[in-house]
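Examining the three-dimensional arrangement
Spelled out, the chains give:
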Amino acid sequence: MNCWNILIFLSICLANLTTLLGQPCGPDRRLIDLQTITSNGDILLLRTEFNGSLMDVYNNNKEFDLNYVLISPRGKIKKDTFLILSWKEWHYNYMSCCASYRIPSQHDYKSTNEKSCVYYSPYSQSENTIVSYFLAGDRKFAYEIIIDEMGIGNWTLCNLGAIGLSNEISLKNDSIKSSLLKSYLTKKHKGLGDLPTEQFEFSNEKTKITVRGRKIEFHKKTIDNKWLIRGEKWELALDGNLFHYFDNQPLINFKGKVAYVTVFNEDYASCPSYGQDIFPITYAIDLKKGKIIWQRKLQFGY
């Protein structure tokens, strides 16, 4: 039996063994880190997915995924895809948000934000959305993400030393880095503007959210893990939780009299005894009438 026949025989044996033992089981989970409204009125959802290559010191081709969804104001999904980003250094621990380099530096620092190892700062620029993006605790690199009105995305890896940022001031924390990147992008892109953000107030128990400047409140229901949105004379039930177990910020934005809200539904378990599936649902809600204009469930996979 030659090598080719042996390979075929082993492949058949492996396939039969997989069928006999069954496929690996685990819950399907799709999460979102950030939601914003673009200058075109589209809803942009962002999520970072890490993998083991960032922690592999022997892997010189470290990569991770930036997933994003672009939804039109009428609820049509214009793009649901991802960008594969590279990180060209020695070791990044995405459990503690700490970067280690082949050549250490006096500018190395450890992030103080261990809830999320990524920083997103989205801006508008003509018909494009530009996202200043970097890994927390990384003093060497940042990413310039450009997503056009059709949802086509591109990225550029920025070496902070090469573009002169790391020599302007010691990078003592992520906030300084974020400020420097904004200044850099403002000079590079004519007409760069801030996208609207909301300010929320909620307790540590996360059972009630108020929005500054608006007579809108969100309340967690007592009988399940789902939430309500309340206006002055109306109330709507949302089919999910405003927070997932990774402690995200509320995914809520407003444009005029419309609220865009994304929640996480946990009604299903495709793999019983191993936890619930999680999928996002994005709502457009008429705040004057207290009615759902549309809702869009995001499928698993990309």
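As a starting point, this report considers the structure included with it. The model shown is predicted, which means the values in this text are computed figures rather than measured ones. (Residues numbered from 1 in each chain as written. Predicted model: local features only at pLDDT ≥ 70, side-chain atom pairs only at ≥ 80, totals over all residues. Heavy atoms only, no water.)

**Points about the state of the cysteines**
- The tally for this structure, following the rule as stated, stands at two disulfides.
- Two residues, C25 and C271, share a disulfide whose sulfurs are 1.3 Å apart. Judged by the sign of its S-S torsion, about 140 degrees, the bond between C25 and C271 is right-handed. Of this pair, C25 sits in the loop between α1 (3-21) and β1 (34-37) while C271 sits in the loop between β18 (258-265) and β19 (279-286), and the two are 246 residues apart along the sequence.
- The class for C25 is partly exposed, based on a relative accessible area of 46%.
- The exposure class of C271 is buried, given its relative accessible area of 1%.
- One disulfide bridge connects C97 with C117, the sulfur atoms lying 2.0 Å from each other. Across the disulfide from C97 to C117, rotation about the S-S bond amounts to roughly -90 degrees, and the bridge is consequently left-handed. (Disulfide = S-S within 2.5 Å. Helix = DSSP H or I, 4+ residues; strand = E, 2+ residues; numbered from the N terminus. Buried < 20%, exposed > 50% of the residue type's maximum accessible area, 1.4 Å probe, protein only.)

**Things to note about the environment of K79**
- Tracing the chain through its elements places K79 in strand β4 (residues 77-87).
- Sequence separation between K79 and G151 is 72 residues, and the spatial gap between their C-alpha atoms is 5.3 Å.
- Excluding residues within four positions of it along the chain, K79 makes contact with Y68, V69, L70, M150, G151 and I152. (Contact = heavy atoms within 4.5 Å.)

**Some thoughts on the sheet that holds strand β10 (residues 153-159)**
- The strand order β10-β9-β8-β7-β11 describes an open sheet built from five strands, whose pairing is antiparallel. Of all the strands in the sheet, just β10 and β11 (193-194) have a single pairing partner and so form its edges.
- For strand β7 (residues 118-125) and β11, the ladder comprises two bridges, and the chain directions are antiparallel. Paired with Y123 across the strands is D194, a residue of β11.
- Those strands touched by helix α2 (residues 174-188) are β7, β8 (128-135), β9 (141-147), β10 and β11, and its axis lies near 150 degrees from that of β8. (Pairing = 2+ DSSP bridges. Axes fitted to C-alpha atoms, helices over the stretch in contact; angles between N-to-C directions.)

**A look at the sheet that holds strand β2 (residues 43-49)**
- Spatially, β1-β2-β3-β4 is the arrangement adopted by the four strands of the open sheet, whose pairing is antiparallel. Looking along the sheet, the strands with just one partner apiece sit at the ends: β1 and β4. Between one strand and the next, the sheet's axes are offset by a mean angle of 20 degrees, whatever the strand orientation.
- Pairing between β1 and β2: four bridges, direction antiparallel. Across the sheet, residue I37 finds its bridge partner in β2, namely I43.

**Some details on the side chain of D138**
- Residue position: D138 is located in the loop between β8 and β9.
- Buried charge without a salt bridge: D138, with K177 as the nearest opposite-charge side chain at an N-O distance of 4.3 Å.
- Within the structure, the side chain of D138 is placed 3.0 Å from the backbone nitrogen of K140, a separation counted as a polar contact.
- Sequence-distant contacts of D138, that is, excluding residues within four places in its chain, are made with W87, A99, Y101, Y109 and K177. (Lys, Arg positive; Asp, Glu negative; His and termini not counted. Salt bridge = Lys/Arg side-chain N within 4 Å of Asp/Glu carboxyl O. Polar contact = N/O pair within 3.5 Å; in protein donor to acceptor, adjacent residues only side chain to side chain.)

**A short note on the environment of I147**
- Tracing the backbone shows I147 in strand β9.
- For the pair I147 and S124, spaced 23 residues apart in sequence, the C-alpha separation works out to 10.0 Å.
- Discounting residues that sit within four places of it in the chain, I147 has contacts with L44, Y68, N128, T129, I152 and G153.

**Focus: the environment of G290**
- Tracing the backbone through its elements, the reader meets G290 in the loop between β19 and β20 (291-297).
- The spacing of G290 and R230 is 60 residues in sequence and 8.3 Å in space, taken between C-alpha atoms.
- Non-local contacts of G290, meaning those with residues more than four positions away in its chain, are made with W234 and L236.

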